[in-house]
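As a plain string of letters, each chain reads:
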Amino acid sequence: MLVVPNEDDLLANLYDVQDQTIEKTFTFDSNIFKEAVPSYQNGAFVIATKTEDEQLELHQIDANGTMKNILSQEIILDSYLKTNSYQNRGRLIISAENKADTYYIQVQNGKATAINLADDKRLSARPTSISLIYGNNGNLLPYWLVNLKDDSTVQLSGLLNNQNTYSIAQGNSDVAIQKPFLADTGLSKNQLLEVDTSYPKEIYHINPTDFRAGQKLITPKPLYQSLIIPLNSKESLLIGSSTEDETQGGITAYLFNELNSGLTDVSALFEKANYEDLADRNALFYKDENTKELYYDGAGKTTGMFNLETGKAQIIAAADVSAWDQKMTGKLGSFLGFLKEYPALAINWIVWLFIPLMLILLGVSGTIIRKSANKRNKKDSVVLPATIVSANETGVYINNQPRVRFLLSFIYEGKKKEVEVHRVVSVLTQIPIGQQVMIRYNPKKNKAMFVDEADVATETAAQEERISNAKLTAVRSYGAANRGTAVELEFQANSKVYHVPAVEPDGFRFEIGKTAELMEIGGISRILAYNTAYNDTDSVALDGTVTAVKPLSATISGRKLTLLDLTIQADGTSFPTQSSQFVPNTMTLQIGMALPIKFTLEDFSLRKRLSQAKEGSAVISSVNYLGYTRSERPVARVELDINGRRYISVGTIEPTASPRSGDSVWVQYDETRGDAIIVRYS
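In short, a report on the structure. Just so you know, these numbers come straight off a predicted model, no measurement behind them. (Residues numbered from 1 in each chain as written. Predicted model: local features only at pLDDT ≥ 70, side-chain atom pairs only at ≥ 80, totals over all residues. Heavy atoms only, no water.)

**A few points about the overall build of the protein chain**
Inference 1: A tally of helices and strands in the protein chain yields eight helices and 45 strands.
Inference 2: In the protein chain, buried positions account for 53% of the 682 residues.
Inference 3: A separation threshold of at least 6 residues defines the contact pool for the protein chain, and within that pool the share at least 24 residues apart is 52%.
Inference 4: Carbon and sulfur atoms provide 46% of the accessible area of the protein chain, an area that totals close to 30,300 Å². (Helix = DSSP H or I, 4+ residues; strand = E, 2+ residues; numbered from the N terminus. Buried < 20%, exposed > 50% of the residue type's maximum accessible area, 1.4 Å probe, protein only. Contact = heavy atoms within 4.5 Å. Areas by Shrake-Rupley, 256 points an atom, 1.4 Å probe, with all protein chains shown as cover.)

In structure tokens, the structure reads:
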């Protein structure tokens, strides 16, 4: 099964691996993000999607190519699908909120159960919000923290019981919460495990009486920096490093039987994986309690199957699978032979090989455009917006495609200029006169070249470097930046030093010793996430149209701090936002140009929903920073007063605004839920 985005929808192709042909093609209606959450249950593929009108759909496709929708109700999910779903013990769990309803949905053994919490008379009031709590890293049950309209809070068990309902608890301790949950689901109380949060993070038994750590779990080989993945009602997967520092050792893994404490070494399944891949929340693991196959998808990089009966692992990299075309030709002859030898496993392998490919295709990331034909041209050129004045064929054809002469108009140093650019284009390409494009202009030579998505992708693949666990070693102040402070952050990782300009608002400080995930492209470093985890698939880059440009006084390492007002348009909605950027001095920003702006998917879903709600002025009551950032923007919880009523905004803060109690801000807000988003600062 191969699932890929296709313009306005998603396509799922079911292949016959014997003759390498497509047996059936299925089409799923999808929104702009092509959201898809995969699961694999009882030999069938389950995929959750969202339609263009935000309706949740659950599709099941079995090995015979029969598809059915297993969700009979119409349920609207206002927020992003992926951030409201998880998998635990062979089940796919989803929460869905809209204005009046809050749904708890579980798919187990290919059967979907949807419960509207607003109809539950056991709750003292209807739910206003629901969020997932994993607690410690262990095989205790995850649970939902639910806020009710009467300002009370309850916890709901993260798995439904055999009667397809959940248990309810109230309390602040694991004892008060987990005891009724475990009793209700019938899971083993005697073999509960947890990861000790202190270094080097080993696994301990949990005392079921007080839920405190007891004896350390004894394994044939040591497990450090451990992970516990519950697979089904009887088994969990234990993964860890062979050394206390996970960057120095290999992967050790055991299948743990919670009933008899048996341990089976399955380390061979992860020979080609690294620790970060396995710790990634996008990594997927599956094993039915009555089968001998353990499946694994390593966050879009490697995938595999371990046969517990033979003790052999079959591993394949996503890079190898990507060579398959629609007829499944390519470099995987030996693997196809494996499928032919074991046809019963064919549907299993196809599903789990293409889950990582789907995640890769759905992952979206954005960067500021930096492109040149060569290093010398890049040094002497600037990126500018330009307008197509005319386009005419030159009469030259290359590979049966016409070479076109474009006349482009643009503004450079306050003067209007025109330049010709030649390019080979497809005969099918529509070239609308007046369309705005991005170019790299060399004033010394009076020459230009297009900067487009293909160029950006090529350069990004060649120059992009991700740096994990970069430790902050120095913070240098560069003076005021509006109401914040401009700083240069110095990070160290792998014996290299990285410098990142940023702004600290009042009440937030970058702390020496904390770590961050960085991105370096073309020698320019930026923060992806500071003091928190980062996942590409949890973010999206959208085009923002610049409506105002305000240069600020701070300049660090040849990058000038600039405050931008932008209008974001996506998925049929638009909303304003403000964003400060340290822009290279060689790049000119102008009103009307388009820039990629990155949002977390949850943030975008919130902004999209609130763009349809009310907006107006609000007064800030309090600002509490949460100690981490998304990119260089700190995340904070802000309490707002709107006409005497309290509203809560949780999200990234524009650091140059440095919001304080008493400030007036312009917000979009939801009177029903009591949440808001700041769209403009005072």
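**Side note on the environment of His422**
Inference 1: Along the chain, the position of His422 falls in strand β29 (residues 415-424).
Inference 2: Not counting chain neighbours up to four residues away, the residues in contact with His422 comprise Thr394, Arg403, Val404 and Arg405.

**Some thoughts on the pattern of salt bridges**
Inference 1: Evaluation of the coordinates by the stated rule reveals 26 salt bridges.
Inference 2: Here Glu235 ties to Lys287 by a salt bridge, and the two come within 3.0 Å at their closest N and O atoms. Here Lys287 lies in the loop between β23 (284-286) and β24 (293-298) and Glu235 lies in strand β20 (residues 235-241), a separation of 52 residues in the sequence. Taken individually, Glu235 and Lys287 each receive the classification buried, so the pair is uniform in this respect.
Inference 3: Across the pair Lys614 and Glu671 runs a salt bridge, and its minimum N-O distance is 3.0 Å. (Salt bridge = Lys/Arg side-chain N within 4 Å of Asp/Glu carboxyl O.)

**Quick notes on the sheet that holds strand β16 (residues 193-195)**
Inference 1: As summarised here, the arrangement of the three strands in space is β16-β17-β18, forming an open sheet in which the pairing is antiparallel. The open sheet has two edge strands with one neighbour each: β16 and β18 (213-216). Averaged over neighbouring strand pairs, the angle between their axes works out to 45 degrees when direction is ignored.
Inference 2: Summarising the sheet, strand β17 (residues 203-206) and β18 pair through two bridges and their orientation is antiparallel. Its bridge partner being in β18, Ile206 is matched across the sheet by Ala213. (Pairing = 2+ DSSP bridges. Axes fitted to C-alpha atoms, helices over the stretch in contact; angles between N-to-C directions.)

**Focus on helix α8 (residues 601-610)**
Inference 1: The element α8 is extensively covered by neighbouring structure, given that nine of its 10 residues are classed as buried.
Inference 2: Considered for burial, the residues of α8 that qualify are Leu601, Asp603, Phe604, Ser605, Leu606, Arg607, Lys608, Arg609 and Leu610.

**Comments concerning the environment of Lys99**
Inference 1: Within the fold, Lys99 resides in the loop between β9 (91-97) and β10 (102-108).
Inference 2: As a C-alpha pair, Lys99 and Asp78 span 21 residues in sequence and 8.6 Å in three-dimensional space.
Inference 3: Sequence-distant contacts of Lys99, that is, excluding residues within four places in its chain, are made with Asp78, Arg126, Thr672 and Arg673.

**A short note on a negative patch on the surface**
Inference 1: Together, Asp29, Glu52, Asp53 and Glu74 make up a region of like negative charge exposed at the surface.
Inference 2: Along the polypeptide, Asp29 turns up in strand β3 (residues 21-29).
Inference 3: Looking at Asp29, the relative accessible area reads 36%, which means it is partly exposed. (Patch = residues over 30% accessible without salt bridge, like charges linked within 9 Å, V, L, I, M, F, W, Y side chains within 5 Å. Lys, Arg positive; Asp, Glu negative; His and termini not counted. Charge placed at Lys NZ, Arg CZ, Asp CG, Glu CD.)

**Structural notes on the sheet that holds strand β15 (residues 168-169)**
Inference 1: Overall, antiparallel pairing links the four strands, which are arranged β12-β13-β14-β15 in an open sheet. Two strands close off the open sheet at either side, each with one partner strand: β12 (127-133) and β15.
Inference 2: Bridge count for strand β14 (residues 153-157) against β15 is two bridges, and the pairing is antiparallel. In the sheet register, Leu156 faces β15, and the bridge partner there is Ile168.

**Quick look at the environment of Phe508**
Inference 1: By secondary structure assignment, the location of Phe508 is in the loop between β34 (496-504) and β35 (515-521).
Inference 2: When its relative accessible area of 3% is taken as the criterion, Phe508 is described as buried.
Inference 3: Placed 116 residues apart in sequence, Phe508 and Asn624 show a C-alpha to C-alpha distance of 8.9 Å.
Inference 4: Apart from residues lying up to four places away in sequence, Phe508 is in contact with Tyr530, Tyr625, Gly627, Tyr628, Thr629 and Pro634.

**With respect to the pairing of strand β39 (residues 573-584)**
Inference 1: Within β39, 10 of the 12 residues are buried, which leaves it mostly tucked inside the rest of the structure.
Inference 2: Alignment of strand β38 (residues 559-570) against β39, held across 12 bridges, turns out to be antiparallel. Bridging across to β39, Thr567 finds its partner in Pro576.

**Description of the nonpolar core**
Across soluble globular proteins, nonpolar side chains have a tendency to be buried as a group.
Inference 1: Core analysis: the largest hydrophobic core is formed by 33 residues, its most contacted members being Phe491, Phe510 and Leu640.
Inference 2: If near-sequence neighbours (up to four positions away) are discounted, Phe510 is found in contact with Leu472, Val475, Val487, Leu489, Ala502, Val503, Glu504, Ile527, Tyr530, Thr629 and Glu632. (Core = buried A, V, L, I, M, F, W, Y, C linked by side-chain atoms within 4.5 Å.)

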